[in-house]
Amino acid sequence: MSVVYDTEHPIPMPPILWDNMGFWEGIKRHELVFQRCKQCGTWLHPPRPACPKCRSFEKEWAPSKGRGTVYSWVTYRNSPHPSFKAPYSVVLVELDEGVRLVSNMTGVKPEEIYIGMPVEVIFDDISENLTLPKFRKVG
Ligand code: ZN
């Protein structure tokens, strides 16, 4: 089940700052990108100034294949915000590149989600100013 937004309440926008701007610019053009260390190739998410493995400050925005598995999930039975209609599920997806991304599932009921479920990214154009990466079941 995907998140349903209440059009009478403003949608909470993600804070877009200098360090995560590349991620959100990628989402806007329907491309999932993550920081990758230019020195050792380690994928980084959330964005950070230095590579935790080799401490290099040299990074690039590299495209993800957008596939992974559900690492964990939670279903909200009560809405924490008037824009979100409960029940809805928040998933933590582990991408094949090794990074984890908090997102929503689409096309499945909360009780159908399980740890290890293979998923792929889709892009939901919520409004002119907001596109969100979400995941759907593969296979
Ligand atoms: Zn590195």
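Here, every reference points to the structure presented above.
Residues numbered from 1 in each chain as written. Predicted model: local features only at pLDDT ≥ 70, side-chain atom pairs only at ≥ 80, totals over all residues. Heavy atoms only, no water.

**Quick word on the overall build of the chain**
Test applied: Secondary structure is summarised from DSSP: a helix means a run of H or I of at least four residues, a strand means a run of E of at least two, and numbering begins at the N terminus for each. The reference for a compact globule is 2.2 Å times residues^0.38; the radius of gyration itself is calculated from the C-alpha atoms. Note on exposure labels: buried denotes an accessible area under 20% of the residue type's maximum, exposed denotes more than 50%, and partly exposed covers the range between, all computed with a 1.4 Å probe on protein chains only. Accessible surface area values rest on a Shrake-Rupley calculation with a 1.4 Å probe, where residue burial reflects the displayed protein chains alone.
When helices and strands are tallied, the chain shows one helix and eight strands. Beginning at the N terminus, the succession of helices and strands in the chain can be written as α-β-β-β-β-β-β-β-β. The globule rule puts the C-alpha radius of gyration for 139 residues at 14 Å, and the 16 Å found for the chain is close to it. Taking all 139 residues of the chain together, the buried fraction comes to 41%. Here the chain has roughly 8100 Å² of accessible surface; of this, 52% comes from carbon and sulfur atoms.

**Concerning the coordination of the zinc ion**
So the rule is basically this: Only nitrogen, oxygen and sulfur atoms count as donors, using a 2.8 Å cut-off from the metal that widens to 3.2 Å for Na, K and Ca. Water is left out, so coordination shells may look unfilled.
Those donors, Cys 37 (SG), Cys 40 (SG), Cys 51 (SG) and Cys 54 (SG), are the protein atoms that reach the zinc ion, and they lie 2.2 to 2.4 Å from it. Read N to C, the donor residues that coordinate the zinc ion are spaced as C-x2-C-x10-C-x2-C. One end of the pair, Cys 37, is in strand E1 (residues 33-37); the other, Cys 54, is in the loop between strand E2 (43-44) and strand E3 (59-63), and 17 residues separate them in sequence.

**Quick notes on the packing of aromatic side chains**
Rules: Two aromatic rings, drawn from Phe, Tyr or Trp (for Trp, its six-membered ring), form a pair once their centres lie within 6.5 Å of each other, and the interplanar angle then sorts them: stacked below 30 degrees, edge-to-face above 60, tilted otherwise.
In total, this model carries four aromatic pairs according to the counting rule given. A centroid spacing of 5.1 Å and a plane angle of 85° characterise the contact between Phe 23 and Trp 24, whose relative ring orientation is edge-to-face. Owing to a relative accessible area of 5%, Phe 23 belongs among the buried residues under this scheme. For the ring pair Phe 23 and Phe 34, a centre distance of 6.0 Å and an interplane angle of 35° mean the geometry is tilted. Taken together, the residues Phe 23 in helix H1 (residues 21-28) and Phe 34 in strand E1 connect sequence positions 11 residues apart. A relative accessible area of 0% means that Phe 34 is categorised as buried.

**A look at the layout of surface pockets**
Just so we agree on the cut-off: Cavities and pockets are found on a 1 Å grid laid over the protein atoms alone: a cavity is a set of points where a 1.4 Å probe fits but cannot escape, a pocket is an open set with protein on both sides within 12 Å along at least five of seven lines, and a lining residue has an atom within 4 Å of such a point. Grid points are joined across faces, edges and corners, and a volume is the space filled by probe spheres set on the points. In the scheme used here, Gly and all other residues not listed as nonpolar or charged are polar, with Ala, Val, Leu, Ile, Met, Phe, Trp, Tyr, Cys and Pro taken as nonpolar and Asp, Glu, Lys and Arg as charged.
In this structure, the largest pocket occupies an estimated 400 Å³ of space. Around the largest pocket, the lining is made up of 17 residues, and of these Phe 84, Val 102, Ser 103, Asn 104 and Leu 132 lie nearest the centre. Among the elements of the structure, H1, strand E5 (88-95), strand E6 (100-104) and strand E8 (131-137) are those that each provide at least two residues to the lining of the largest pocket. Looking at which element gives the most residues to the lining of the largest pocket, the answer is E6, with four residues. In the lining of the largest pocket, the residues fall into 15 nonpolar, two polar and no charged.

**Considering the pattern of salt bridges**
The criterion, for reference: The salt bridge definition used is simple: a Lys or Arg side-chain nitrogen within 4 Å of an Asp or Glu carboxyl oxygen.
One pass over the full model with this rule turns up six salt bridges. The residue Arg 100 makes a salt bridge to Glu 94 at a minimum N-O spacing of 2.9 Å. Judged by relative accessible area, Arg 100 falls into the partly exposed class, the value being 35%. Taking the relative accessible area as the measure of exposure, Glu 94 reaches 26% and is therefore partly exposed.

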